[in-house]
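Breakdown of the fold
The lines below spell out each chain.
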Amino acid sequence: MKACVSVSILIVLLLSISPHSARAAGPDQTKANTPQRDGQHDFDFAFGVWKTHIKRFLDPLSGSNKSIELNGTKTTRPIWGGRAHWEEIEADGPNGHWQGMTLLLYNPEAHQWRQSFINSKIGELTPPLVGAFKDGRGELFAQDTLNGRSILVRAVWSDIKPDSHRYEESYSTDGGKTWVPAFIANLTRDKSAPAASTPTTDTHANQTANARDEAHDFDFDFGTWKTHSSRLLHALTGSNDWVEMDGVTVVKKLWGGKANLAEYKAKGPAGQVELIALRWYNPTTHQWNIDFATPKGGALGIPGVGEFKNGRGDFYDQESINGKTILVRFSI
C-alpha cells in the first residue's frame, strides 16, 4: 500500500453530488405502491472474461445490410458488490484495433440500470441507456442523434446462459414501432482466461523527461491509497461545519492508462461515503473528463473537463445546488 496521502480535493468531489429533489405526494399517491423487484444483481451473469464476436452495421438506417465483423475480448468487473460494473472491450477488425468502455450503474430508488459508453478514439460519453430486466431479458433505452437525425436506441441482453449471452443495439426512427439492428455481439465465456484484474504498475511507462504525454497524466495515481478527507456539510451557506473522514481509494488503469476508475470508501462522524470516479482522456481535445457516481444515486453526474499544467490538474463543470447554478472546480 502506498504512503498515506491527504486528499482534501474530495471536498469538491463530495459537494458535486447533489441530492435528488423530493416531490410532494399528491392525492393519488397515498395508496401503497406495488413492490418493485430488486434488480441490483441482474448483471452478475456478465462478470468475467468473454470472447466476443461483433457484427456492426455501417449505415443501419439506410436499408443497407453492409456490415463489418470484429473479434475480441470483453472483461467485466463488479463494483459495490455487483450494484455496478464496468467493462473493457477490445476487438480487431478490418479497420484495425478498437477499444471501448462501459459503466453500468443500478439506481435502487428507480429500480433501473443506466449504461454509459466511451469509445477510446472519440473520448466522449454517450447519452445513458436506461431500463431494467424482465423475464430474464434486459432492455435499456436512450434518445440520441445519428447523422443529425433524432433516433431511439435500444440495448438488449438475451439468451443468457452460464457461459454465453447475446447483446444487441437497435435504432428506431418511428418512436419504437420498428427497430433495425446496428450492433450485435455474441459472447462466450473464456474459461482459459485468468481472473479479471487490473494492473496498477507501469507508472509513466510512456513518458519521457522532455515530452509529456497528456494521455498518461493520471499514471501517478494507480494503486491503493490511504485517504484522509475533509467534507463541508453545508456548501455555499457561510457554514464552516467540516467533518473528517478516513478511508481507502483504489485506482485501476484502463486502456493502458488513457482512462481509469477510482473507488473511494471512507467513514467518519457524519457516516460513511462510497463513490466511484471515472476519468477518461479525449484524444481530440487533449483534455481529461472526470465523472462521479454513488451507489445511492446510481447515475453519473455532469463530467468535469480540464487538463494538467505545471503539476496541477483543474477540471470544471456547471451544476445546480438548491436551485442555484454554480461552477465547480475539481483540482489535483
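Residues numbered from 1 in each chain as written. Predicted model: local features only at pLDDT ≥ 70, side-chain atom pairs only at ≥ 80, totals over all residues. Heavy atoms only, no water.

**Focus: the overall build of the chain**
In terms of helices and strands, the chain carries one helix and 19 strands. Taken across its 332 residues, the chain has 44% of its residues classed as buried. Here the analysis covers contacts within the chain between residues at least 6 apart in sequence; of these, 45% occur between residues at least 24 apart. (Helix = DSSP H or I, 4+ residues; strand = E, 2+ residues; numbered from the N terminus. Buried < 20%, exposed > 50% of the residue type's maximum accessible area, 1.4 Å probe, protein only. Contact = heavy atoms within 4.5 Å.)

**Structural notes on the packing of aromatic side chains**
The final tally for this structure, using the stated rule, is 19 aromatic pairs. Pairing Tyr106 with Trp113 gives two aromatic rings, centres 5.2 Å apart and planes at 50 degrees, and the pair type is tilted. This pair shows no difference in class: Tyr106 is buried, exactly as Trp113 is. Between the aromatic rings of Phe218 and Trp288, the centroid separation amounts to 4.8 Å while the plane-to-plane angle is 70 degrees, which identifies the pairing as edge-to-face. With Phe218 in the loop between strand 11 (180–189) and strand 12 (223–232) and Trp288 in strand 16 (residues 287–293), this pair connects stretches of sequence that are 70 residues apart. We note that Phe218, like Trp288, is buried. (Phe/Tyr/Trp six-rings, centres within 6.5 Å; stacked < 30°, edge-to-face > 60°.)

**Structural notes on the pairing of strand 15 (residues 271–282)**
With 10 of 12 residues buried, strand 15 lies mostly within the body of the structure. In the sheet, strand 14 (residues 259–268) pairs with strand 15 via 10 bridges, with the strands oriented antiparallel. Across the sheet, the residue bridging to Lys265 is Glu274, located in strand 15. Taking the residues that link successive antiparallel strands as the turn, the strand 14-strand 15 hairpin has two residues. Between strand 15 and the antiparallel strand that follows it, strand 16, lie four residues; His286 among them carries a positive phi value of about 60 degrees. (Pairing = 2+ DSSP bridges.)

**Considering the confidence of the model for the chain**
Per-residue confidence for the chain gives a mean pLDDT of 85; residues scoring 70 or more make up 84%. Taken together, the stretch residues 197–210 has pLDDT below 50 and engages in 23 contacts with residues farther than four places along the chain or on a different chain. (pLDDT = per-residue confidence, 0-100.)

**Examining the pattern of salt bridges**
For the structure on display, the rule yields 10 salt bridges. A salt bridge links Glu168 to Arg166; the shortest N-O distance between them is 3.2 Å. Note that Glu263 is salt-bridged to Lys252, the shortest N-O span being 3.5 Å. Placement of Glu263 in strand 14 and of Lys252 in strand 13 (residues 242–254) is noted, with a sequence separation of 11 residues between them. Several salt bridges share partner residues, and in doing so they unite Asp163, Arg189 and Lys191 into one network. (Salt bridge = Lys/Arg side-chain N within 4 Å of Asp/Glu carboxyl O.)

**Brief notes about the sheet that holds strand 11**
Spatial ordering of the closed barrel is given by 2-3-4-5-6-7-8-9-10-11, a layout of 10 strands whose pairing is antiparallel. Ignoring which end each strand starts from, the neighbouring axes of this sheet average 25 degrees apart. Bridge count for strand 6 (residues 112–119) against strand 7 (residues 129–134) is three bridges, and the pairing is antiparallel. Within strand 7, the position partnered with Gln115 by the bridge is Leu129. (Axes fitted to C-alpha atoms, helices over the stretch in contact; angles between N-to-C directions.)

**Concerning unusual backbone geometry**
Of note in the backbone geometry, Asn147 takes a positive phi value of approximately 55 degrees without being a glycine. Within the chain, His286 stands out as a residue other than glycine whose phi angle is a positive 60 degrees. The residue His286 is located in the loop between strand 15 and strand 16 in this model. On the basis of relative accessibility, which here comes to 41%, the residue His286 falls in the partly exposed class.

**With respect to the nonpolar core**
Ranked by size, the top nonpolar core spans 27 residues in total, and within it Phe43, Ile54, Trp157 and Tyr167 carry the most contacts. Those residues in contact with Phe43 that lie beyond four places of it in its chain are His85, Leu104, Trp113, Phe133 and Trp157. Counting 17 residues, the second largest nonpolar core, distinct from the first, contains Ile79, Ile118, Leu278 and Leu300. (Core = buried A, V, L, I, M, F, W, Y, C linked by side-chain atoms within 4.5 Å.)

**Re the side chain of Ser170**
By secondary structure assignment, the location of Ser170 is in strand 10 (residues 164–172). Accessibility expressed as a relative area gives 2% for Ser170, which makes it buried. Only 3.3 Å separates the side chain of Ser170 from the side chain of Glu168, close enough to count as a polar contact. Residues contacting Ser170, with those up to four places away along its chain left out, are Leu152, Val153, Arg154, Trp179, Val180, Pro181 and Ala182. (Polar contact = N/O pair within 3.5 Å; in protein donor to acceptor, adjacent residues only side chain to side chain.)

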